[in-house]
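Descriptive structure summary
Residue strings, one per chain:
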Amino acid sequence: MNHQISVPQVRLVGDNIDEPGIYPTREALKLADEMELDLVEISPNADPPVCRIIDYQKFLYQQKKRQKEQKQKLAQVTVKEVRFGPNTDDHDYNFKLKHAEKFLRDGDKVKAYVFFKGRSILFKDKGEILLLRLAQDLEEVGKVEQLPRLEGKRMTMFLAPKKKK
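So, here is what we can say about the structure in this document. Keep in mind it's a predicted model, so treat the numbers as computed, not measured. (Residues numbered from 1 in each chain as written. Predicted model: local features only at pLDDT ≥ 70, side-chain atom pairs only at ≥ 80, totals over all residues. Heavy atoms only, no water.)

**A short note on the overall build of the protein chain**
Summing up its helical and strand segments, the protein chain has four helices and eight strands in all. Secondary structure elements of the protein chain, listed N to C terminal, follow the sequence β-β-α-β-β-α-β-α-β-α-β-β. For a compact globule of 165 residues, the expected C-alpha radius of gyration is about 15 Å, and the protein chain comes in at 31 Å, more than 25% above that figure. For the protein chain, the proportion of its 165 residues judged to be buried stands at 31%. Pairs at least 24 apart in sequence give 53% of the contacts found in the protein chain among residues at least 6 apart. Of the roughly 11,900 Å² that the protein chain leaves accessible, carbon and sulfur atoms contribute 49%. With 32 positive and 26 negative side-chain charges, the protein chain shows a spacing of 10 Å between the two charge centroids. (Helix = DSSP H or I, 4+ residues; strand = E, 2+ residues; numbered from the N terminus. Rg over C-alpha atoms; globule rule 2.2 N^0.38 Å. Buried < 20%, exposed > 50% of the residue type's maximum accessible area, 1.4 Å probe, protein only. Contact = heavy atoms within 4.5 Å. Areas by Shrake-Rupley, 256 points an atom, 1.4 Å probe, with all protein chains shown as cover. Lys, Arg positive; Asp, Glu negative; His and termini not counted. Charge placed at Lys NZ, Arg CZ, Asp CG, Glu CD.)

**Brief notes about a nonpolar patch on the surface**
Together, Leu132, Val144 and Leu147 make up a nonpolar patch on the protein surface, roughly 250 Å² of accessible area in all. Here leucine 132 is to be found in helix H4 (residues 124-137). (Patch = residues over 30% accessible without salt bridge, like charges linked within 9 Å, V, L, I, M, F, W, Y side chains within 5 Å. Salt bridge = Lys/Arg side-chain N within 4 Å of Asp/Glu carboxyl O.)

**Quick look at the sheet that holds strand S2 (residues 21-24)**
The four strands lie next to each other as S2-S1-S4-S3, forming an open sheet whose pairing is mixed. Each edge of the sheet is formed by a strand with only one pairing partner; in this case those strands are S2 and strand S3 (38-43). Taking the axes of each pair of neighbouring strands and ignoring which way they run, one obtains an average angle of 45 degrees across the sheet. The sheet contact formed by strand S1 (residues 9-13) and strand S4 (residues 50-54) spans three bridges and is parallel. In the strand pairing of S4, leucine 12 is matched with cysteine 51. Contacting S1, S2, S3 and S4, helix H1 (residues 25-34) runs over the sheet at an angle of about 95 degrees to S2. (Pairing = 2+ DSSP bridges. Axes fitted to C-alpha atoms, helices over the stretch in contact; angles between N-to-C directions.)

**A closer look at helix H2 (residues 56-73)**
An α-helix turns once every 3.6 residues. As a result, residues three or four positions apart point the same way. The end-to-end C-alpha distance of H2 is 26 Å, a good match for the 26 Å that 18 residues give at a rise of 1.5 Å each. Burial runs low along H2: only zero of the 18 residues are buried. (Expected span 1.5 Å × (residues − 1).)

**Concerning the pairing of strand S8 (residues 154-161)**
Along S8, six of the eight residues are buried, which leaves the element largely enclosed by surrounding structure. Bridge analysis of strand S7 (residues 142-151) against S8 gives seven bridges, and the strand direction is antiparallel. In the sheet register, arginine 149 faces S8, and the bridge partner there is threonine 156. Adjacent in sequence and paired antiparallel, S7 and S8 are bridged by two residues, among which glycine 152 carries a positive phi angle near 70 degrees.

**With respect to the environment of arginine 133**
As for its position among the elements, arginine 133 is in helix H4. For arginine 133, a relative accessible area of 32% translates into the label partly exposed. Here arginine 133 is in contact with Asp90 and Tyr93, once residues within four sequence places are set aside.

In structure tokens:
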């Protein structure tokens, strides 16, 4: 940037240059000073290096602004958990169903799982039926991302919110 450029000549490009081309570095700096802007080296590896006359502070500001906008566009996905037992009653099931529905409506993913304690692992089919019933009941607000799968003593299923139209 400006006086830190140590090569004898540079290639000037940009919108505010009358004639793009190769200029001695001193002349390019003089042009930048007349416009009250900065001479910024864009491609130092080119022969001769490519420079542009711009307002460097404004350029940095716009770059930060663009990065901030990109960060905002990235959606933060949170995963909420809903835990069941293999012999969960209807009342408890409905209570947890409402919670899962609220999570999906808020745009969060839901990890529903059945935890098997001790010998209850014998009721794997009950756990799977329970999770599939949950998926069916939440069909309007969410879609199944991963079908029920047994991992150790847990049978897990993931639900993602449906896209709003």
